[in-house]
Amino acid sequence: MIQHCPTPTELDDLELLVSGAYAPLTRFNEPGSAVTLDLPEGVDEAELVDPEGLPLARVAADGTLEPLTHAQYGPFRRLHLTPAQVREQHAGATFVPVVDALTHAELDELRGLGRVVLVALMGTGTASLSPVALVRASLAAADLLDDAGVVAVPLPSHGDADVDHELGAQVVATYAGPDPVHALGDPTIGGDFPEAVAAIVAADRPEPESQGLVLFFTGLSGSGKSTLARALMDLLLEQGGRSVTSLDGDVVRRHLSAGLTFSKADRETNIRRIGWVAAEIARHGGVAVCSPIAPFAETREQVQEMVEDAGGAFFLIHVATPLEECERRDRKGLYAKARAGEIPEFTGISSPYEEPDDPAVRVDTTGRTIEDALDDVLVALDEAGFLHLARRGTATA
């Protein structure tokens, strides 16, 4: 039987299906259900594994599941209880769904309810805090109540607010069983966080200038993207204060992606590898400067998703120098070889370049100095609040 690693959303759904949290739903791909599983083309059944290859369950052609084991590791795994375990441990409590850090006002609202269980809905894409920070903030809030516990429930987003709300209500009701559920007031009202909770929120939601950042330059060969990226790297290093890593397309190919060809599939694999490394750099608060061609919108979006899932910011810079100018420069002679048929699938000649629809900034380097073109990028970064850099020979305001 083929092994298949589901997406993060599908893995969250798998855990809730196996635990009984989605009851009466017990399998994937029920008609009309948002809880779906996409297997590779031509595959009807598979052994589902986690990202490290641990077999979790077998799925049949009709979506029926045969559990094999549960996830062994992960932060706060001890709080990932089944509904049956929760009802046994917390019978008689009031269950409170939590999707964000609790404020003073919300804690006051919970006082007097007796024992409460904070159900941290921390699945993929559902909370404004990262999953780990949401659980940590819920634990800090529980410590401020007289009698409270915390349960971690990986309820993911399925891209539809109404569907997600309905599933969330269903899951919380399953955990509560016969006990009451207390929905907190309007979360948009806001309010101050207790000091212990505020510290967790501040660490998880840094100001833009302190957030992990991926500066992703994309454009045709010869557009000037690598030159602009190097100039920006120099400014970052001269100013100091941030950990900076360059992930230049050509350099990465010699090390991280050695052995890959220039086929479309291998080129996309190269971009995803760059994206994964960049996301890890951003996860730890660093700045990654990337300058691959990255001609396809879908792969750029995959990189952006990786970065944002890691808590970083993705800043897309389209170096929009026209093909004619890039070909005129052709310092490496690549366009001439591509025109002669010596280089197959060459971007701009025999393979398309899909221009970004909404880059953070678009720069055409035709007839401009590097300093002048880079200034477009610096202005955009400053306006977004990510970096405040001065050009060489200039003074900061």
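Cut-offs used in this document
- Residues numbered from 1 in each chain as written.
- Predicted model: local features only at pLDDT ≥ 70, side-chain atom pairs only at ≥ 80, totals over all residues.
- Heavy atoms only, no water.
- Helix = DSSP H or I, 4+ residues; strand = E, 2+ residues; numbered from the N terminus.
- Buried < 20%, exposed > 50% of the residue type's maximum accessible area, 1.4 Å probe, protein only.
- Contact = heavy atoms within 4.5 Å.
- Areas by Shrake-Rupley, 256 points an atom, 1.4 Å probe, with all protein chains shown as cover.
- Lys, Arg positive; Asp, Glu negative; His and termini not counted.
- Charge placed at Lys NZ, Arg CZ, Asp CG, Glu CD.
- Pairing = 2+ DSSP bridges.
- Axes fitted to C-alpha atoms, helices over the stretch in contact; angles between N-to-C directions.
- Right-handed = clockwise from strand over helix to strand, strands pointing away.
- Salt bridge = Lys/Arg side-chain N within 4 Å of Asp/Glu carboxyl O.
- Core = buried A, V, L, I, M, F, W, Y, C linked by side-chain atoms within 4.5 Å.
- Phe/Tyr/Trp six-rings, centres within 6.5 Å; stacked < 30°, edge-to-face > 60°.

Visitor: Outline the overall build of the protein chain, listing residues and values.
Guide: Looking only at helices and strands, the protein chain has 13 helices and 12 strands in total. Each of the 397 residues in the protein chain was classed as buried or not, and the buried ones make up 44%. At a minimum sequence separation of 6, the contacts of the protein chain that also span at least 24 residues come to 69%. Summed over its atoms, the accessible surface of the protein chain is roughly 19,600 Å², and 51% of this surface lies on carbon and sulfur atoms. For the protein chain, the separation between the mean place of its 30 positive charges and that of its 62 negative charges on side chains is 10 Å.

Visitor: Requested: an account of the sheet that holds strand β11 (residues 313-319), with residues and values cited.
Guide: Taken in spatial order, the five strands make up an open sheet running β9-β10-β8-β11-β12, and their pairing is parallel. The sheet terminates laterally at β9 (244-248) and β12 (361-363), the two strands that pair on one side only. The sheet shows a mean angle of 15 degrees between the axes of neighbouring strands, direction not considered. Bridge analysis of strand β8 (residues 213-218) against strand β10 (residues 287-291) gives four bridges, and the strand direction is parallel. Among the inter-strand pairings, F216 is bridged to a residue of β10, identified as C290. With respect to the sheet, helix α10 (residues 297-309) is in contact with β8 and β11, its orientation differing from that of β11 by roughly 150 degrees. The strands touched by helix α13 (residues 370-384) within the sheet are β8, β11 and β12, with β12 carrying the most contacts at an inclination of about 175 degrees.

Visitor: Pulling in residues and values, what's your account of the pairing of strand β6 (residues 116-121)?
Guide: Of all six residues that make up β6, six are buried, and the element is covered over most of its length. Covered by surrounding structure in β6 are V116, L118 and A120 together with V117, V119 and L121, the residues of both alternating faces. Sheet topology note: the strand β5 (residues 94-98)/β6 ladder contains five bridges and is parallel. The partner of V98 across the bridge, within β6, is A120. What joins β5 to β6 is helix α3 (residues 104-110), and the crossover it makes is right-handed. The pairing of β6 with strand β7 (residues 148-153) spans six bridges and is classified as parallel. Its bridge partner being in β7, V116 is matched across the sheet by A148. In this fold, β6 hands off to helix α4 (residues 131-143), which returns the chain to β7; that crossover is right-handed.

Visitor: Tell me what's going on with the pattern of salt bridges, and back it up with residues and numbers.
Guide: Applying the stated criterion to the full structure yields 15 salt bridges. Between E30 and R27 there is a salt bridge whose closest N-O contact spans 3.0 Å. Residue classification places E30 among the partly exposed positions, given a relative accessible area of 24%. R368 is paired through a salt bridge with D376; the nearest N and O atoms lie 2.9 Å apart. One network of salt bridges, with partners in common, ties together R27, E30 and D62.

Visitor: Can you break down the nonpolar core residue by residue, with the values?
Guide: Y22, F28, L65, V153 and L155 are the most contacted members of the largest nonpolar core, which totals 32 residues. Breaking this core down by element, the ones donating at least two residues are α1 (8-19), β2 (46-49), β3 (55-59), β6, β7 and α5 (161-176). Considering every element that reaches this core, the biggest residue donor is α5, with five residues. Apart from the residues within four sequence positions on either side, F28 is in contact with E10, D13, L14, L17, V35, T36, L37, L48, D62, G63 and L65. Formed by 28 residues, the second largest nonpolar core is a distinct cluster that contains A229, A373, L381 and L389.

Visitor: Go over the packing of aromatic side chains, please, and point to the residues and values.
Guide: Counting across every chain of the model gives three aromatic pairs. Ring geometry for F216 versus F314: centroids 5.5 Å apart, planes at 40 degrees, classification tilted. With a gap of 98 residues between them, F216 in strand β8 and F314 in strand β11 connect regions that are remote in the sequence. For F216, a relative accessible area of 0% gives the class buried. Ring geometry for F315 versus F386: centroids 6.0 Å apart, planes at 85 degrees, classification edge-to-face.

Visitor: Describe the pairing of β10, listing the residues and the values that go with them.
Guide: Here β10 lies mainly inside the structure; five of its five residues are buried. Residue alternation in β10 divides its side chains into two sets, V287, V289 and S291 and A288 and C290, and both sets are buried. Pairing analysis gives five bridges linking β9 to β10, with the strands arranged parallel. Within β10, the position partnered with V244 by the bridge is V287.

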